[in-house]
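Survey of secondary and tertiary structure
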Amino acid sequence: MASIEVRDFRFPLGPVPRDWHRDGLAITAYWDQLSIFFPVGERFFVRSVKHYLPQVDGALKDECLAFCAQEGHHGREHVAYNEHLAAQGIPVTKLEALVKFSLGIAQKFLSPRRQLAITCALEHFTSLMGEFVLSHDELLQGSDPTMAKLWRWHSAEENEHRSVAFDLYRAVGGTHFERCRAMVVTSLFFWILVVLQQVVFMAKRGALFSVREWWRLFRHSFIDPSTLGSLVRPFLSYFARDFHPAARGGTELIEAWKRSLVTAP
Ligand SMILES: [Fe+2]
Ligand SMILES: [Fe+2]
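Here is a short report on the structure shown in this document.

Definitions and cut-offs
Residues numbered from 1 in each chain as written. Chains lettered and ligands numbered in written order. Predicted model: local features only at pLDDT ≥ 70, side-chain atom pairs only at ≥ 80, totals over all residues. Heavy atoms only, no water. Donors = N, O, S within 2.8 Å, 3.2 Å for Na, K, Ca; no water. Helix = DSSP H or I, 4+ residues; strand = E, 2+ residues; numbered from the N terminus. Buried < 20%, exposed > 50% of the residue type's maximum accessible area, 1.4 Å probe, protein only. Polar contact = N/O pair within 3.5 Å; in protein donor to acceptor, adjacent residues only side chain to side chain. Contact = heavy atoms within 4.5 Å. Patch = residues over 30% accessible without salt bridge, like charges linked within 9 Å, V, L, I, M, F, W, Y side chains within 5 Å. Areas by Shrake-Rupley, 256 points an atom, 1.4 Å probe, with all protein chains shown as cover. Salt bridge = Lys/Arg side-chain N within 4 Å of Asp/Glu carboxyl O. Phe/Tyr/Trp six-rings, centres within 6.5 Å; stacked < 30°, edge-to-face > 60°. Lys NZ or Arg CZ within 6 Å of the ring centre and 35° of its normal. Tetrahedral: all angles 85-135°; square planar, octahedral: opposite > 155°, others 65-115°. Axes fitted to C-alpha atoms, helices over the stretch in contact; angles between N-to-C directions. Parallel < 35°, antiparallel > 145°, perpendicular 65-115°, else oblique. Left-handed = near helix turned anticlockwise from the far one by under 90°. Nonpolar A, V, L, I, M, F, W, Y, C, P; charged D, E, K, R; others polar.

1. A short note on the coordination of the iron ion (ligand 1)
On the protein side, the iron ion (ligand 1) has Glu42 (OE), Glu71 (OE), His74 (ND1), His154 (NE2) and Glu158 (OE) as donor atoms, found 1.9 to 2.3 Å from it. Sequence positions of the residues that donate to the iron ion (ligand 1) give the spacing E-x28-E-x2-H-x79-H-x3-E. Distance-wise, the iron ion (ligand 2) is placed 3.8 Å from the iron ion (ligand 1), both being coordinated by Glu71. Remark: Glu158 and His154 occur in helix 5 (residues 145–160); sequence separation between them is four residues, near one turn of the helix.

So this is what it looks like as structure tokens:
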């Protein structure tokens, strides 16, 4: 049996306001632009894992199947999220085309194992960001409750399946050098796209030259509560030869989130 639970959660976004985050436009835009990556990115993750399914069995195979199911549900909810953004005038199709183009290069020119190494790299990002969300309740407190629930759900499941792609990668002979190289290149593409997407969102929302909004985003990212700053060290741990995603634990965060599902209104 897989230790990963597949939850078919749905989040109706119709009533969600444009600036749904408590801290306003720039912070909302930051979360929203992350959503651009998911439908295309998660399809890539699933393909890269599915490729190796015939080569594995037992618990690892069950976990791979649960991983694909979870990512499938995330992708579906982020398609709806991105449609919600498109209705606000965000050029979602164009932005998704850039993500598709980047991952398309990988699909066209890299071996299945190197594609899986990219999935491992991006899973490291999503699990660390998710861990940060789950361990800092204040990040989404006072924001739209549907959006808060969506991001906490995605964060929890990214933590739940954080080791799956990595375990598969090792099981099919993935090397330390190959995964580190994939992380360097993937990080470069990822952050270039994050900056570009943030700029497009700010421009479309009329705040491209708002010093106040950019300052808020800077403060949110590096000062209070220093989201990105505190993730540097855990990010770098990926390059250690003996790195394993499970070493960071996080089970208690997932358990706390599960309890919150019972008590939430
Ligand atoms: Fe996901
Ligand atoms: Fe994931």
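2. With respect to the side chain of Ser143
Looking at the secondary structure, you find Ser143 in the loop between helix 4 (112–135) and helix 5. Ser143 sits in the buried class, given a relative accessible area of 11%. At 2.9 Å, the side chain of Ser143 forms a polar contact with the backbone nitrogen of Arg22. For Ser143, the residues in contact, after removing those within four places along its chain, are Trp20, His21 and Arg22.

3. Looking at a nonpolar patch on the surface
Side chains of Val184, Val185, Leu188, Phe189 and Ile192 sit close together on the surface and give an oily, nonpolar patch of about 480 Å² of accessible area. Inspection of the secondary structure assignment puts Leu188 in helix 7 (residues 176–204). A relative accessible area of 56% means that Leu188 is categorised as exposed.

4. Thoughts on the packing of aromatic side chains
Following the criterion strictly, the structure yields 18 aromatic pairs and no others. When the centroid spacing of 5.0 Å and the interplanar angle of 80° are considered together, the rings of Phe190 and Trp191 count as edge-to-face. Among the residues examined, Phe190 registers a relative accessible area of 9% and is labelled buried. Arranged with centres 5.1 Å apart and planes meeting at 45°, the rings of Phe218 and Phe222 form a pair that is tilted. Note that Phe218 and Phe222 are positioned in helix 8 (residues 211–223) at a spacing of four residues, about one turn of the helix. Given a relative accessible area of 44%, Phe222 falls into the partly exposed group. Taken together through their ring pairs, the aromatic side chains of Phe37, Phe125, Phe166, Phe190, Trp191, Phe235, Tyr238, Phe239 and Phe243 make up a single cluster. A cation over an aromatic ring shows up here: Arg179 above the ring of Tyr238, its NZ or CZ 4.8 Å from the ring centre.

5. Considering the coordination of the iron ion (ligand 2)
The protein atoms that coordinate the iron ion (ligand 2) are Glu71 (OE), Glu123 (OE), Glu123 (OE), Glu158 (OE), Glu158 (OE) and His161 (NE2), at distances spanning 2.0 to 2.8 Å. Between the six donor atoms coordinating the iron ion (ligand 2), the angles at the centre fall across 51 to 145°, so the site counts as irregular. Going along the chain, you hit the donors of the iron ion (ligand 2) in the pattern E-x51-E-x34-E-x2-H.

6. Things to note about the pattern of salt bridges
With the rule as written, the count across this model stands at 16 salt bridges. For Asp8, the salt bridge goes to Arg10, with nearest N and O atoms at 3.5 Å. Overall, Asp8 belongs to the partly exposed group, its relative accessible area being 42%. Its relative accessible area of 55% is what places Arg10 among the exposed residues. When the shortest N-O distance is used, the salt bridge between Glu77 and Arg76 registers 2.9 Å. The class for Glu77 is buried, based on a relative accessible area of 6%.

7. Examining the packing of helix 1 (residues 25–50) against helix 3 (residues 92–109)
Packing of helix 1 against helix 3 brings their axes to within 8 Å, and their N-to-C directions diverge by 25°. With respect to helix 3, the axis of helix 1 lies roughly parallel. Here helix 1 and helix 3 pass one another in a crossing that is right-handed. Of the residues in helix 3, those touching helix 1 at Ile36, Phe37, Pro39, Val40, Gly41, Phe44 and Arg47 are Val92, Leu95, Glu96, Val99, Lys100, Leu103, Ala106 and Gln107.

8. Topic: the environment of Ser35
Along the chain, the position of Ser35 falls in helix 1. Residue class for Ser35 comes out buried when judged on its relative accessible area of 0%. Ser35 sits 17 residues away from Tyr52 along the chain, and the two C-alpha atoms are 27 Å apart. Ser35 has contacts with His78, Tyr81, Asn82 and Trp151, leaving out every residue within four places of it along the chain.

9. Some words on the packing of helix 5 against helix 10 (residues 251–263)
Interaxial distance between helix 5 and helix 10 falls to 10 Å at its minimum, and their mutual angle equals 145°. By crossing handedness, the relation of helix 5 to helix 10 is classed as left-handed. The segment helix 5 lies against helix 10, with Arg152, Trp153, Ala156, Asn159 and Glu160 engaging Ile254, Trp257 and Lys258. A breakdown of the residues in the contact of helix 5 with helix 10 according to their chemical character gives four nonpolar, one polar and three charged.

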